Amino acid sequence: TVTPGFGRVLAAAALACAAYAAVIVLLAFMAERGRRRVRREADDLRLRESDLLRQMSDLRSRVDMLSAVREVCLIVNQDVEFRVILEKVLGLTADLLGGRGSAEISIWLRAEDGGPLVARARRTGGEVSFDADDAPVPALALSAFEHGRLITATGDTELEVALPLVADREIFGVLVVRTTLEGDREEKAERAQRAAAHLEEFSKFVALAIKTPDLYTRAVEDSLTKLSTKRH
């Protein structure tokens, strides 16, 4: 037989166990809730970090582009030798792409008699060559020249861009860039878009630099007699 006093002890013990279990459940619930909040905050921080890194990359690319534009402006002010300008422009374009040796950059200009495009300079692996008259014109360059706008072609690991060179509202040539792309699909697409946008803006200054020798010749040489002008 169970005495009334012992029954009360058992009831109190059961009540204490139930209260203890309830406390444990409440603590576990609060801990899980805290873990979820921490995970959300961590995810938010990772997204913010990714966004900040992307912004830093964009700003760094913008600074590189503006630095390249500054160098082109210095070329316009300092050099009038055609081949010197071509070589410096090719180097600056390569630097804008990150200085990768695998980048291939070429400048195609319309022949003086208004004929087809002719390869005037090419940079491959850091080496520059001039006047490859027998080189076939890339289809992308022809398309950019005919339509007067940027044309891109993106492969699995490569980006090719053709940009018309315009001065005095006249298309006189094409800048063609072929470079490799690294990263996953999303990163490649983002880098290709950024490179194309920067090259499109940069090509305007490239066109001015390449046209400078012609403008200089017009200023110091009579177009009919080919003699020096009085001002010169």
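Residues numbered from 1 in each chain as written. Predicted model: local features only at pLDDT ≥ 70, side-chain atom pairs only at ≥ 80, totals over all residues. Heavy atoms only, no water.

Enquirer: What am I meant to see in the layout of surface pockets here?
Expert: Looking at the second largest pocket, its volume works out to about 530 Å³. When residues of the lining of the second largest pocket are traced back to their parent elements, those giving at least two are β1 (104-110), β6 (170-180) and α4 (185-220). Take the lining of the second largest pocket: its biggest share by element is 5 residues, from α4. Split into classes, the residues belonging to the lining of the second largest pocket amount to 6 nonpolar, 1 polar and 7 charged. (1 Å grid on protein atoms, 1.4 Å probe; cavity = no way out; pocket = protein on both sides within 12 Å on 5 of 7 lines; lining within 4 Å. Points joined across faces, edges and corners; volume = space filled by probe spheres on them. Helix = DSSP H or I, 4+ residues; strand = E, 2+ residues; numbered from the N terminus. Nonpolar A, V, L, I, M, F, W, Y, C, P; charged D, E, K, R; others polar.)

Enquirer: Just checking my understanding: could you explain the environment of Ala192 for this structure?
Expert: By the secondary structure assignment, Ala192 is in helix α4. Put simply, Ala192 and Thr152 are 40 residues apart on the chain and 9.1 Å apart in space, counted from C-alpha to C-alpha. Beyond its immediate stretch of four places on either side in the chain, Ala192 contacts Thr154, Leu159 and Leu181. (Contact = heavy atoms within 4.5 Å.)

Enquirer: What is the right way to look at the nonpolar core in this model?
Expert: One recurring pattern in soluble globular proteins is that nonpolar side chains are buried together. Formed by 37 residues in total, the largest nonpolar core has its most connected members in Ile107, Leu165, Phe202 and Ile210. Sorting the residues of this core by element identifies α1 (4-78), α2 (82-96), β1, β5 (158-167), β6 and α4 as the ones contributing at least two each. When residues of this core are assigned to their parent elements, the largest contribution, 9 residues, is made by α4. Dropping the residues within four chain positions of it, Ile107 is found in contact with Leu86, Val89, Leu90, Val118, Ala119, Arg120, Ala121, Leu165, Val174, Leu175 and Ile210. Trp108, Leu117, Ile151 and Ala162 belong to the second largest nonpolar core, which has 11 residues in total. (Core = buried A, V, L, I, M, F, W, Y, C linked by side-chain atoms within 4.5 Å. Buried < 20%, exposed > 50% of the residue type's maximum accessible area, 1.4 Å probe, protein only.)

Enquirer: Any chance you could explain the pattern of salt bridges here in plain terms?
Expert: Pairing is possible between side chains that carry opposite charge, provided their charged atoms lie close to one another. Tallying each qualifying case throughout the model produces 15 salt bridges. As a salt-bridge pair, Arg70 and Glu71 come within 3.1 Å of each other at their nearest N and O atoms. By relative accessible area, which is 32% here, Glu71 ends up partly exposed. Glu104 serves as the salt-bridge partner of Arg178, at 3.3 Å between the closest nitrogen and oxygen. On the criterion of sequence distance, the pair formed by Arg178 in strand β6 and Glu104 in strand β1 is long-range, its members being 74 residues apart. Judged by its relative accessible area of 23%, Arg178 falls in the partly exposed class. Each of Asp51, Arg54, Asp58, Glu190 and Arg194 takes part in one network of salt bridges that share partners. (Salt bridge = Lys/Arg side-chain N within 4 Å of Asp/Glu carboxyl O.)

Enquirer: Sorry, what's going on with α2 here?
Expert: Residues spaced three or four apart along an α-helix point in a common direction, a consequence of the helix completing one turn every 3.6 residues. The first and last C-alpha atoms of α2 sit 21 Å apart over 15 residues, in line with the 21 Å expected at 1.5 Å per residue. Buried within α2 are the following residues: Ile85, Leu86, Val89, Leu90, Gly91, Leu92, Thr93, Ala94 and Leu96. Just beyond α2, the residue with positive phi is Gly98, at close to 100°. (Expected span 1.5 Å × (residues − 1).)

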